[in-house]
Structure formats: structure tokens, C-alpha cells
Amino acid sequence: MNDSSCVFEIIYNTLQISNNSLFVSYQCSIAGVSRSGYYAWVKAAPIREA
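Model, not experiment: these values are computed from the prediction.

Novice: Could you give an account of the overall build of the chain, with specific residues and numbers?
Specialist: Counting secondary structure elements, the chain contains four helices and zero strands. Put simply, the chain runs from its N terminus to its C terminus through helices and strands in the order α-α-α-α. The C-alpha atoms of the chain give 11 Å as radius of gyration, which agrees with the globular expectation for 50 residues (10 Å, within 12%). The principal-axis extent of the C-alpha atoms belonging to the chain is close to 30 × 25 × 15 Å. Counting all 50 residues of the chain, 20% fall into the buried class. Residue pairs at least 24 apart in sequence account for 39% of intrachain contacts in the chain once pairs closer than 6 positions are excluded. Summed over its atoms, the accessible surface of the chain is roughly 3800 Å², and 57% of this surface lies on carbon and sulfur atoms.

Novice: Outline the environment of R35, listing residues and values.
Specialist: Along the polypeptide, R35 turns up in helix α3 (residues 35-43). According to the relative accessible area criterion, R35 is partly exposed, its value standing at 48%. Taking the C-alpha atoms as reference, R35 lies 5.9 Å from S25; in sequence the two are ten residues apart. Setting aside its immediate chain neighbours within four residues, R35 contacts V24, S25 and C28.

Calculation criteria
Position numbers for residues start from 1 in each chain and track the written sequence from start to end. Only residues with pLDDT of at least 70 are given local features in this predicted model, and only at 80 or more are side-chain atom pairs given and counted; all residues enter the totals for whole chains, interfaces and linings. The basis for the side-chain values is all heavy atoms of the structure; hydrogens and waters are excluded. Runs of E in the DSSP output that reach at least two residues are strands. Runs of H or I that reach at least four are helices, and both are numbered from the N terminus. It is over C-alpha atoms that the radius of gyration is taken, and the globule rule equals 2.2 Å times the number of residues to the power 0.38. Any residue under 20% of the maximum accessible area for its type is buried, any over 50% is exposed, and the rest in between are partly exposed; the area is computed with a 1.4 Å probe on protein chains only. In what follows, residue pairs with any heavy atoms lying within 4.5 Å of each other are defined as contacts. All accessibility values rest on the Shrake-Rupley procedure with a 1.4 Å probe; residue burial counts only the protein chains present in the view.

Have a look at this one:
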């Protein structure tokens, strides 16, 4: 697992927490990753599971 993949996983898990008020764009900005990269990572989840 590369570094950005770990960051994307942290962002994903943070968004799953109820009452989370942090937006994806804000979290990606803080983490230094692109929002489009995050969404590509989410979309590729079924491929990673296979």
C-alpha cells in the first residue's frame, strides 16, 4: 500500500464517522492529496478487493 492510498483510507474512514463536519475537499487539502485522486481511489475499491 503506497502513502497516498493510506491517506485516502484515513479520509474515507473519517468520513464514515457520524456527525463528521469535515468536507472531502478540506481533508484532501490538509493531507496534500487531490480530491480527484481520492474519488478515483474510492471508485477502484472493488478492483482492490478482487
